[in-house]
Amino acid sequence: MSHELEWVYGIHACHALLNRHPERIVSAHALKGRDDPKFTELLNALSQLRIDCQVESRERLDELIQTQQHQGIALQCKPSQVFDKSYLNSLLKRADSDLLLLILDGVTDPHNLGACIRSAEAAGADAVIIPKHKAASLSPVTRKVACGAAEIIPIVSVKNLAQCLSDLKDQGVWLYGAAGEASSSIYQTDLTGHVGLILGSEGDGLRQLTRSRCDVLINIPMAGHTSSLNVSVAAGVCLFEALRQRTAKR
């Protein structure tokens, strides 16, 4: 893990960090003059935890975190834990219910990654798996778009995604890859049990090596003229169909 400090900004992401991992916070910086209930609630929470909050001008806050999309609050903190493949092994060993994993094969846009993480947490997924190389990582932009979900759901970064998929299959996880040309619809596919939902990159979709590891390729039926969905939207559709099926089964 890197020992460099990182920024978390945005109301929801900062609230999640305060609620989940306040011990990571090193410093807090707030925009001078902002006064609304959500912002005040956040400042009060910082005060209760005895975290000193420095008041900054907009220019200074923009300069500190190099973006204007901070919503007036930024926390400098110790890096969060990003898990490796061994976490998945322990997760499977101690699982007392069916696992749901979101696996992203080379999503490069940090906004898309953040939106996928948000949907995964909202749908009750157990982890998000991302490649260590040639893909977006858990950046401040990703955290902000995830609206706090990145502070809750485990993010697993793996060096060799294909090998990780093979290992998951060996441990009883069924792997479903989303592909527009697939003949099986997500609505005709049993997504209960230990399941890994795999979505590919924004431009090229699933890599051939990843496809070869899937048990089944599935599609999202399209009723209109649009041929495909943004990867984060597709992830949300697949995740919530899996949640619907699991809820009905229970």
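If you're wondering where the values come from, they're calculated on a predicted model, not measured in any experiment.

Another point: the nonpolar core. Counting 33 residues, the largest nonpolar core has L102, L104, I117, V128, L197 and L239 as the members making the most contacts within it. Where this core is concerned, the elements lending two or more residues are β5 (100–105), α5 (110–122), β6 (127–131), β10 (195–200) and α9 (231–249). Considering every element that reaches this core, the biggest residue donor is α9, with 6 residues. The residues touching L197, leaving out its near neighbours within four places in the chain, are L100, L101, L102, I103, Y176, L191, C238, L239 and A242. In terms of nonpolar packing, the next biggest core, distinct from the first, is built from 21 residues, Y87, I103, L165 and C214 among them.

Across the interface, helix α1 (residues 11–20) lies against helix α2 (residues 37–48) with an axial gap of 11 Å and an inter-helix angle of 25 degrees. By the angle between their directions, the pair α1 and α2 is classed as roughly parallel. Seen from above, α1 lies across α2 with left-handed handedness. Counting all contacts with α1, which are made through I11, H12, C14, H15 and L18, the residues of α2 involved are K38, F39, E41, L42, A45 and L46. Looking at side-chain class alone, the contact of α1 with α2 contains 7 nonpolar, 2 polar and 2 charged residues.

Of all 5 residues in β6, 5 are buried, a share of seventy percent or more. Of the two faces of β6, the one lined by A127, I129 and P131 and the one lined by V128 and I130 are each fully buried. Note that the unit made of β5, α5 and β6 has a crossover that is right-handed. Sheet topology places β6 next to strand β7 (residues 155–158); 4 bridges connect them, and they run parallel. Bridging from a neighbouring strand, V128 pairs with I155 of β7. At this point the chain moves from β6, through helix α6 (residues 140–146), to the parallel β7, and the crossover so formed is right-handed.

Parameters at a glance
Residue numbers restart at each chain and count upward from 1, following the sequence in its written direction. Two thresholds apply to this predicted model, a pLDDT of at least 70 for residue-level local features and 80 or more for giving and counting side-chain atom pairs, whereas whole-chain, interface and lining totals are computed over all residues. Hydrogen atoms and water are omitted, and side-chain values are computed over all heavy atoms in the structure. Residues enter a nonpolar core if they are buried and are Ala, Val, Leu, Ile, Met, Phe, Trp, Tyr or Cys, with the set joined through side-chain atoms within 4.5 Å. Type-normalised accessible area, obtained with a 1.4 Å probe on protein chains alone, sets the label of each residue: buried when under 20%, exposed when over 50%, and partly exposed for intermediate values. Secondary structure elements follow DSSP: runs of H or I no shorter than four residues count as helices, runs of E no shorter than two count as strands, and numbering proceeds from the N terminus. The criterion used for residue contact is that any of the two residues' heavy atoms lie within 4.5 Å. In this analysis an axis means a line fitted to C-alpha atoms, helices contributing only their contacting stretch, and an angle means the value between N-to-C directions, from 0 to 180 degrees. Should an angle fall under 35 degrees it is taken as roughly parallel, and over 145 as roughly antiparallel, whereas 65 to 115 is taken as roughly perpendicular and any remaining angle as oblique. In this scheme, a crossing is called left-handed if the near helix is turned counterclockwise away from the far one by less than a right angle; it is called right-handed if the turn is clockwise. Put simply, Ala, Val, Leu, Ile, Met, Phe, Trp, Tyr, Cys and Pro go in the nonpolar bin, Asp, Glu, Lys and Arg in the charged bin, and everything else, Gly too, in the polar bin. Place the viewer so that the strands point away; then a crossover is right-handed whenever the path from the first strand over the helix to the second strand goes clockwise. We treat two strands as partners when DSSP finds at least two bridges between them.

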